[in-house]
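Residue-level structural notes
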Amino acid sequence: MSKEPVADRGVALPLGEGFGAAFLLDPLQEQGGCPKLKRLALRVGGGKEAKTMIHKILIANRGEIAVRIIRTCREMGIRAVVVYSDVDAESLHVKLADEAYPIGPGDASQSYLNMEKILEVAARSESEALHPGYGFLAENPEFAERCEDKGIIFIGPRSRSMWKVKPKERARQLMGM
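Residues numbered from 1 in each chain as written. Predicted model: local features only at pLDDT ≥ 70, side-chain atom pairs only at ≥ 80, totals over all residues. Heavy atoms only, no water.

This next bit is on the sheet that holds strand β9 (residues 129-131). One open sheet accounts for five strands, arranged β8-β7-β6-β9-β10; its pairing is parallel. Two strands lie at the open edges of the sheet, namely β8 (99-102) and β10 (153-154), each paired on one side alone. Here two bridges tie β9 to β10, and the two strands are oriented parallel to one another. The residue bridging Leu130 from the neighbouring strand is Phe154, located in β10. The sheet strands contacting helix α2 (residues 63-76) are β6 (56-59), β7 (79-84) and β9, and the helix crosses β6 at an angle near 175 degrees. (Pairing = 2+ DSSP bridges. Helix = DSSP H or I, 4+ residues; strand = E, 2+ residues; numbered from the N terminus. Contact = heavy atoms within 4.5 Å. Axes fitted to C-alpha atoms, helices over the stretch in contact; angles between N-to-C directions.)

Membership of the largest hydrophobic core comes to 22 residues, with the highest contact counts inside it found for Leu58, Ile118, Val121, Leu130, Phe143, Cys147 and Phe154. The biggest single contributor to this core is helix α4 (residues 115-125), with five residues. Excluding its chain neighbours within four sequence positions, the residues that come into contact with Phe154 are Leu130, Pro132, Leu137, Ala138, Phe143, Ala144, Cys147 and Met162. Membership of the second largest hydrophobic core comes to 14 residues, among which are Ala66, Cys73, Ile78 and Ile153. (Core = buried A, V, L, I, M, F, W, Y, C linked by side-chain atoms within 4.5 Å. Buried < 20%, exposed > 50% of the residue type's maximum accessible area, 1.4 Å probe, protein only.)

Now for the packing of aromatic side chains. Under the definition given, this model contains two aromatic pairs. Pairing Tyr112 with Phe136 gives two aromatic rings, centres 5.2 Å apart and planes at 20 degrees, and the pair type is stacked. Remark: Phe136 occurs in the loop between β9 and α5 (141-149) and Tyr112 occurs in the loop between β8 and α4; sequence separation between them is 24 residues. For Phe136, a relative accessible area of 27% gives the class partly exposed. Taking 6.1 Å as the distance between ring centres and 80 degrees as the angle between the ring planes, the aromatic pair formed by Phe143 and Phe154 counts as edge-to-face. A residue pair is termed long-range when its members are at least 10 positions apart, and Phe143 in helix α5 and Phe154 in strand β10 qualify at 11 residues. (Phe/Tyr/Trp six-rings, centres within 6.5 Å; stacked < 30°, edge-to-face > 60°.)

Right under this line is the structure:
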C-alpha cells in the first residue's frame, strides 16, 4: 500500500476505490474534540488527484459524543448534521449543529437505532459521510454495510472487518484469548 505525504502532518492511505484517508499525526484532544475524527480526515476521490474534502457529516448520536464531533467538524471546516429524538429536541447537540433532523420518539429503538430513518436523513441532507459516535450503531456491521452500499462514508471500521469479529467471542478467538 503506497503512502503519500499530507502537508507534513501525516500520511494518506488509500481506502479502496474512490476513497482515501489522511491520518494526522497530532490527535490531541485539548479542545475536547473527537479523536477518531481528528485522526481521520477523509477525502473523496482517492489517489494523488483527490482534493475534494468531505463537506458534510451526519452524526448519528446524541449528547456529549455528538457535541465533541460537532466541535471537531467546525475546526475542520465540515458542516455537521445531527439527528434527534423527540426528547432531545432542545439538546445542545441540536442547537450546535448546522442542520438537525427529527427521527422519532425518545425510545432509542425507534430513533437512534432505526437504520432506515438515519439513512433517509443522510440522503435528504446530502451528507457525504456518517459518524456513528459510540454505542448505538457504531459496532453494527449491517449498518456500516448499508452506508457503504449507499455510497456514504462510514467513519469507523469497514463492515467486513466488523463481520469478522462479530460476535465478540469470535474476536477473542482471533486474538487467541
